[in-house]
Amino acid sequence: EIIIDKFLDYDVKEFYISINHKAKIIKSYFEELQSDYKIHYLYEEKPLGTVGSLKKLEGMFSKEIFLTNCDIIIEADYIDLLNHHKENKNDVTIVASLKHFSIPYGVCEIENGGHLLNIKEKPEYDFLVNTGMYVINPKILSYIPTNEFFHITDLIEKIKSTHRVGIYPISENSWIDIGEWIEYKKALEKLSLGAL
């Protein structure tokens, strides 16, 4: 519901939710809301991965599709994201965040046989990580196999040599992964403070 609410700010009124596990509970929850937006359900008789059920949408759209995991919250300008996707002529745009990691220990670098090459004391690393939100051109749905388990990473791997896959960067503070227990607790704190 929080994810949907983020899209309502951009006058998005139609959503497709892929359901399998606890499908009846999810559907009942949204039916009780009596909202002014429309939800369609993509039922999976068996788990189909992060994009397997999207095959059912093939041929239904002529405009770009926003795809988001259900356990992430993104604070970004969705119009800017869509414009970035179009301006760069991407077929898929991955919303990615800079993520900083500090290792609080000395890290040993070794070679074969266990010989120590170097010790890096408390190294820090920066990565651009996939947040779980994407903009996809509808023609890309044709690359999803029918009724097979298929992840978004499988789809990207399948098309990246023949189609343009781009990145839309956001700050580390602009997304929350509530699929991790520690991050879920942080999300509750941020949401209760109205920080996101």
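Just so it is clear, the structure is predicted and the values come from calculations on it, not from any experiment. (Residues numbered from 1 in each chain as written. Predicted model: local features only at pLDDT ≥ 70, side-chain atom pairs only at ≥ 80, totals over all residues. Heavy atoms only, no water.)

Enquirer: Help me understand the overall build of the protein, please; the structure alone is not making it clear to me.
Expert: Assigned secondary structure in the protein consists of five helices and ten strands. Among the 196 residues that make up the protein, the fraction classed as buried is 33%. Considering only residue pairs separated by 6 or more positions, the protein has 68% of its internal contacts joining residues 24 or more positions apart. Summed over all atoms, the accessible surface of the protein reaches about 12500 Å², with 53% contributed by carbon and sulfur. Here the protein holds 22 positive side-chain charges and 31 negative ones, and the gap between their average locations is 4 Å. (Helix = DSSP H or I, 4+ residues; strand = E, 2+ residues; numbered from the N terminus. Buried < 20%, exposed > 50% of the residue type's maximum accessible area, 1.4 Å probe, protein only. Contact = heavy atoms within 4.5 Å. Areas by Shrake-Rupley, 256 points an atom, 1.4 Å probe, with all protein chains shown as cover. Lys, Arg positive; Asp, Glu negative; His and termini not counted. Charge placed at Lys NZ, Arg CZ, Asp CG, Glu CD.)

Enquirer: Explanation requested: the pattern of salt bridges in the structure shown.
Expert: Should the charged atoms of two oppositely charged side chains come close, the side chains can pair. Within the structure shown, the criterion is met by eight salt bridges. One salt bridge connects Glu31 with Lys27, and the closest N-O pair in it is separated by 3.9 Å. Residue Glu31 and its partner Lys27 are both found in helix α2 (residues 23-33); the two are separated by four residues, about one turn of the helix. By relative accessible area, which is 27% here, Lys27 ends up partly exposed. (Salt bridge = Lys/Arg side-chain N within 4 Å of Asp/Glu carboxyl O.)

Enquirer: Is there a simple way to explain the environment of Gly132 in this structure?
Expert: Mapped onto the fold, Gly132 is located in strand β8 (residues 124-136). Residue class for Gly132 comes out buried when judged on its relative accessible area of 3%. Put simply, Gly132 and Leu116 are 16 residues apart on the chain and 38 Å apart in space, counted from C-alpha to C-alpha. Not counting residues up to four positions away in its chain, the partners in contact with Gly132 are Leu67, Thr68, Asn69, Ile72 and Val95.

Enquirer: Can you walk me through helix α3 (residues 78-87) in this structure?
Expert: Of the positions making up α3, those classed as buried are Tyr78, Leu81 and His85. For α3, the angular spread of the buried residues around the axis is 55 degrees, confining them to a single face. The backbone nitrogen of Ile79 lies 3.0 Å from a side-chain oxygen of the residue at the head of α3, namely Asp77. Backbone geometry just after α3 places Lys89 at a positive phi near 55 degrees. (Arc of directions from axis to C-beta. Polar contact = N/O pair within 3.5 Å; in protein donor to acceptor, adjacent residues only side chain to side chain.)

Enquirer: Mind showing me how you'd approach the nonpolar core here?
Expert: Where a protein is soluble and globular, its nonpolar side chains tend to be buried together. Within the largest apolar cluster, 22 residues are counted, with the highest numbers of intra-cluster contacts made by Ile4, Ile17, Phe30, Ile39, Ile74, Met133 and Ile170. Sequence-distant contacts of Met133, defined by excluding residues within four places in its chain, comprise Phe7, Leu67, Thr68, Ile72, Ile74, Tyr78, Leu81, Thr93, Ile94 and Val95. (Core = buried A, V, L, I, M, F, W, Y, C linked by side-chain atoms within 4.5 Å.)

Enquirer: Would you mind going over the sheet that holds strand β3 (residues 65-68) with me for this structure?
Expert: Paired through backbone hydrogen bonds, the strands of a sheet run either parallel or antiparallel to each other. The strand order across the open sheet built from four strands is β3-β8-β5-β9, with neighbouring strands paired in mixed fashion. Edge positions in the sheet fall to β3 and β9 (165-170), since each of these pairs with one other strand and no more. Adjacent strand axes in the sheet meet at a mean angle of 40 degrees, parallel and antiparallel pairs treated alike. Sheet contacts for α3: β3, β5 (92-102), β8 and β9; angle to β8, the most-contacted strand, approximately 85 degrees. (Pairing = 2+ DSSP bridges. Axes fitted to C-alpha atoms, helices over the stretch in contact; angles between N-to-C directions.)

Enquirer: So what exactly am I meant to see when it comes to the pairing of β8 here?
Expert: Remember that side chains alternate between the two faces of the sheet whenever the strand is regular. By the bridge criterion, four bridges tie β3 to β8 in an arrangement that is antiparallel. Residue Thr68 lies in a different strand from β8, and its bridge partner there is Met133.

Enquirer: Whenever I open this one, the packing of aromatic side chains confuses me. Can you help?
Expert: Given two aromatic rings, one states the distance between the centres and the angle between the planes to describe the pair. Considering all chains together, one arrives at eleven aromatic pairs under this definition. Ring centres of Tyr41 and Tyr43 lie 6.3 Å apart, and the angle between their planes is 40 degrees; on these two criteria the pair is classed as tilted. An aromatic cluster is present here, built from Phe7, Tyr10, Phe15, Tyr37, Phe66 and Tyr78 joined pairwise through their rings. (Phe/Tyr/Trp six-rings, centres within 6.5 Å; stacked < 30°, edge-to-face > 60°.)

By themselves, these observations are geometric and do not establish any function.
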